[in-house]
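A look at the structure
Spelled out from the first residue to the last, the chains are:
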Amino acid sequence: MKLTLRVWRQKNADATGAMSTYEVDGISQDMSFLEMLDTLNEQLILAGDDPVAFDHDCREGICGACSLVIDGDAHGPERTTTCQLHMRSFEDGDTIDVEPWRASAFPVVKDLVVDRSAFDRIIQAGGYISAPTGTAPEAHATPVPKPDADFAFEHAECIGCGACVAACPNGSAMLFTSAKINHLNVLPQGAPERETRVLDMVAQMDDEGFGGCTLTGECATACPKGIPLPSIAAMNKEWLRATRKARR
Ligand code: FES
């Protein structure tokens, strides 16, 4: 395949970025999108140019590091992570736009790399359980009803990639934050911090400058792990419950 790539280039956080156009040839349909970018970078290095900076780690769809807006869609045309997107989703001769996540809470660091440490600070605010140290308890010592276990597991699938924020016209992090709250709040292990978790994590989310939710649903559509939109309603219910309890 021969492709034309229009890639966002930005030297650093303070520089003004712009789209640059590159031609790449000899791309196999079996390559992942990141392997295609590796090919572009080899070409740029051989020509003595600066390679395109982009985030990646596992390249297996599990770490959440990869983060590209491809032709206007977070993670591209398939419902998967950028690293699991393959070139068979494109046609020979295509022109493809490649941009970083666009959200004020995710400032560009360089080229296609953005700073997602705001997510880390939301997790630090309450996305954990307090557990006594020592050996792990027997797995069945704390019974969890099957529907609660399923609910927790569904939300624990969030890999924190930030596609929800990038896809949202408001730059809202409600889907990410709700997934991280819900998967702990429903479990007995998460009960001791149930109220402080939701209040502190939502407050931190607001402090980081993420936008509000207007239920456009783009977040759930873009999520490569299928975190459902009602996750946000469940978080709001937890927040109201915790607020009422704090007032009492
Ligand atoms: S690089 Fe780990 S999910 Fe894509």
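Quick caveat, the model's predicted, so the values are computed rather than measured.

A few words on the packing of helix α5 (residues 174–185) against helix α8 (residues 230–247). How two helices pack is summed up by the angle between their axes together with the distance between the axes. Two elements in contact, α5 and α8, have axes whose closest approach is 8 Å; the angle formed by their N-to-C orientations is 65°. For the crossing formed where α5 meets α8, the hand is left-handed. Judged by residue contacts, Met174, Leu175, Thr177, Ser178, Ala179, Ile181, Asn182 and Asn185 of α5 engage Ser231, Ile232, Ala234, Met235, Asn236 and Glu238 from α8. Taken together, the residues that form the contact of α5 with α8 break down as seven nonpolar, six polar and one charged.

Moving on to the sheet that holds strand β4 (residues 73–74). Spatial strand order, β2-β1-β5-β3-β4: five strands in an open sheet with mixed pairing. The strands lining the two open edges of the sheet, one partner per strand, are β2 (18–24) and β4. Bridge count between strand β1 (residues 3–9) and β2: seven bridges; the pairing is antiparallel. Bridged to Arg6 within β2 is Thr21.

A separate point is the side chain of Asn41. Looking at where Asn41 falls in the secondary structure, it is placed in helix α1 (residues 33–46). Every residue in contact with Asn41, bar those within four places of it in the chain, is listed here: Pro51, Val52 and Phe54.

Rules used in this analysis
Along each chain, residues carry numbers from 1 onward, in the same order as the chain's sequence is written. Totals for whole chains, interfaces and linings use all residues, but because this is a predicted model, local features are given only for residues with pLDDT of at least 70 and pairs of side-chain atoms are given and counted only at 80 or more. To get the side-chain values, all heavy atoms of the structure are used, and hydrogens and water are removed first. The convention used is that axes are lines fitted to C-alpha atoms, helices contributing only their stretch in contact, and that angles between N-to-C directions extend from 0 to 180 degrees. Under the scheme used here, helices are H or I runs from DSSP no shorter than 4 residues and strands are E runs no shorter than 2 residues, and both carry numbers assigned from the N terminus. Here a crossing is called left-handed whenever its near helix is offset anticlockwise from the far helix by less than a right angle, and right-handed whenever the offset is clockwise. We call two residues in contact whenever any of their non-hydrogen atoms come within 4.5 Å of each other. As a working rule, the residues Ala, Val, Leu, Ile, Met, Phe, Trp, Tyr, Cys and Pro are called nonpolar, Asp, Glu, Lys and Arg charged, and the rest polar, with Gly in that last group. One bridge is not enough; two strands pair if DSSP finds at least two bridges between them.

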